[in-house]
Amino acid sequence: MPEYQSLVSLDVWTALFTLINTIITFVVLKKFLFKPVLKVIDDRQKEIDDIYADAAKAKAEAQELQSTYTAKLSAAKAESEQILSAATRMAQQREEEILRDAQAQAARTLERAQEQIALEKKQAMHELKGQVSGIAVDIAAKVLGQDVDGKKHQKLIDTFIDELGE
């Protein structure tokens, strides 16, 4: 059993050296392992926080751009409606102007046509009067059987035709 006792016995100096070795190992690990690992973890956490901050900033900028875009789009729609309304008004005004011009031109054409008709009617009446008076003088000469003074009878016939025309 003595051999087993040496395995189970407690040596104070060994325990003290083991404790000192453990403390030294802990201090060395703390100095060279834990601090750099914690620094890496802190740096990584800072990077992640920066990424989240950048994402939040980008999201805010995107929302601002979206609101600006929406405002510009609504302004453009309003402007296009205004332009369309103005163009419609101008087209209606132009249409009314064209109609007025066409009506005025038609009235002028009708007036000229009526003047032309009146002039041609006057000429036709004048020609007809000349022919009728000539025929009347010829008839009167044949009926009377003698030479009739053409100028005198022409004047009488013209007066008679003028009175008939009125």
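Quantities reported herein were computed from a predicted structural model and do not represent experimental measurements. (Residues numbered from 1 in each chain as written. Predicted model: local features only at pLDDT ≥ 70, side-chain atom pairs only at ≥ 80, totals over all residues. Heavy atoms only, no water.)

A. Molecular detail of the overall build of the protein. Along the protein, the regular secondary structure elements total three helices and zero strands. Helices and strands appear in the protein in the N-to-C order α-α-α. (Helix = DSSP H or I, 4+ residues; strand = E, 2+ residues; numbered from the N terminus.)

B. Broad picture of the pattern of salt bridges. For the coordinates displayed, the defined rule picks out four salt bridges. Two residues, K39 and D43, come together in a salt bridge whose shortest N-O distance is 3.5 Å. Placement of both K39 and D43 in helix α2 (residues 12–144) is noted, with a separation of four residues, approximately one turn of the helix. The partly exposed category is assigned to D43, whose relative accessible area is 36%. (Salt bridge = Lys/Arg side-chain N within 4 Å of Asp/Glu carboxyl O. Buried < 20%, exposed > 50% of the residue type's maximum accessible area, 1.4 Å probe, protein only.)

C. Local environment of the packing of aromatic side chains. A complete count under the given rule lists two aromatic pairs for this structure. An angle of 35 degrees between the planes, with centres 6.4 Å apart, marks the rings of W13 and F17 as tilted. Of this pair, W13 and F17 both sit in helix α2, four residues apart, roughly one helical turn. Across the pair, F17 and W13 agree in class, each one exposed. (Phe/Tyr/Trp six-rings, centres within 6.5 Å; stacked < 30°, edge-to-face > 60°.)

D. Summary view of the confidence of the model for the protein. Chain-level statistics for the protein give a pLDDT mean of 85 and a share of 83% at 70 or above. When pLDDT is averaged over each element of the protein, α2 comes out on top at 90 and helix α1 (residues 2–8) at the bottom at 59. (pLDDT = per-residue confidence, 0-100.)

E. A nonpolar patch on the surface, seen in detail. Residues L19, I23, F26, V27, L29, L33, F34, V37, L38 and I41 make up a contiguous nonpolar surface patch of roughly 900 Å² in combined accessible area. With respect to the helices, strands and loops of the structure, F26 is situated in helix α2. Residue F26 is classed as partly exposed on the basis of its relative accessible area, which comes to 48%. (Patch = residues over 30% accessible without salt bridge, like charges linked within 9 Å, V, L, I, M, F, W, Y side chains within 5 Å. Areas by Shrake-Rupley, 256 points an atom, 1.4 Å probe, with all protein chains shown as cover.)

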